[in-house]
Amino acid sequence: MISHNAPTPEKHAKRALNDLRMELYQSEQHLMEMQLRADYYRARIAFLEEVTKKGIEQVSDQRKRQQEASQALRPGLKLTAAQ
């Protein structure tokens, strides 16, 4: 019974492998979050630079036109009855 539950290099390796896989997963998640955060700040900086150069009215009008154009290209969802 004792020899069956004794820590072996294989059991240590299996436990370490599971721990490392979890660490890798968490690191990848953290990296994705940081990339999203960097993209967010880049977009904010670009917006504020544009407002500084052009003024808020021109930036607002330009964004409104872009939004309307993207909605025109993207038709709304159509619901159909289940058959």
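Residues numbered from 1 in each chain as written. Predicted model: local features only at pLDDT ≥ 70, side-chain atom pairs only at ≥ 80, totals over all residues. Heavy atoms only, no water.

Here's the deal with the overall build of the chain
And then number 1: For the chain, the helix and strand inventory stands at three helices and zero strands.
And then number 2: Its helices and strands taken in sequence order, the chain reads α-α-α from the N to the C terminus.
And then number 3: When each of the 83 residues of the chain is scored for burial, the buried share is 1%.
And then number 4: Taken as a whole, the chain presents about 8300 Å² of accessible surface, with 59% of it coming from carbon and sulfur. (Helix = DSSP H or I, 4+ residues; strand = E, 2+ residues; numbered from the N terminus. Buried < 20%, exposed > 50% of the residue type's maximum accessible area, 1.4 Å probe, protein only. Areas by Shrake-Rupley, 256 points an atom, 1.4 Å probe, with all protein chains shown as cover.)

As for the pattern of salt bridges
And then number 1: Scanning the entire structure with this criterion turns up two salt bridges.
And then number 2: Arginine 42 is the salt-bridge partner of aspartate 39, the closest N and O atoms lying 2.7 Å from each other. Taken together, the positions of aspartate 39 and arginine 42, both in helix H2 (residues 9–54) and three residues apart, correspond to about one turn of that helix.
And then number 3: On the accessibility criterion, arginine 42 (53% relative accessible area) is exposed.
And then number 4: In this structure, the salt-bridge partner of glutamate 50 is lysine 54, at a minimum N-O distance of 3.4 Å. One end of the pair is glutamate 50 and the other is lysine 54, both in helix H2 and four residues apart, which spans about a single turn.
And then number 5: Taking relative accessible area as the criterion, lysine 54 reaches 43% and is therefore assigned partly exposed. (Salt bridge = Lys/Arg side-chain N within 4 Å of Asp/Glu carboxyl O.)

Focus on the packing of H2 against helix H3 (residues 56–73)
For any two helices packed against each other, the geometry comes down to the angle between their axes and how far apart the axes lie.
And then number 1: Running from amino to carboxyl end, H2 crosses H3 at an angle of 125°, the nearest separation of the two axes being 7 Å. Here H2 is positioned oblique relative to H3, judged by the angle of their axes. The residues of H3 that touch H2, namely those facing Phe47, Glu50, Val51 and Lys54, are Ile56, Gln58, Val59, Gln62 and Arg63.
And then number 2: Looking at the contact of H2 with H3, its residues break down into four nonpolar, two polar and three charged. (Axes fitted to C-alpha atoms, helices over the stretch in contact; angles between N-to-C directions. Parallel < 35°, antiparallel > 145°, perpendicular 65-115°, else oblique. Contact = heavy atoms within 4.5 Å. Nonpolar A, V, L, I, M, F, W, Y, C, P; charged D, E, K, R; others polar.)

Thoughts on the packing of aromatic side chains
And then number 1: For the structure shown, the criterion picks out one aromatic pair.
And then number 2: Taking the centre distance of 5.1 Å and the plane angle of 70° together, the rings of tyrosine 40 and tyrosine 41 count as edge-to-face.
And then number 3: A relative accessible area of 40% means that tyrosine 41 is categorised as partly exposed. (Phe/Tyr/Trp six-rings, centres within 6.5 Å; stacked < 30°, edge-to-face > 60°.)

As for the confidence of the model for the chain
And then number 1: Averaged over all residues, the pLDDT of the chain equals 88, while 84% of them reach at least 70.
And then number 2: Looking over the chain, one finds the lowest element-wise mean pLDDT in helix H1 (residues 2–5), namely 68, and the highest in H2, namely 96. (pLDDT = per-residue confidence, 0-100.)

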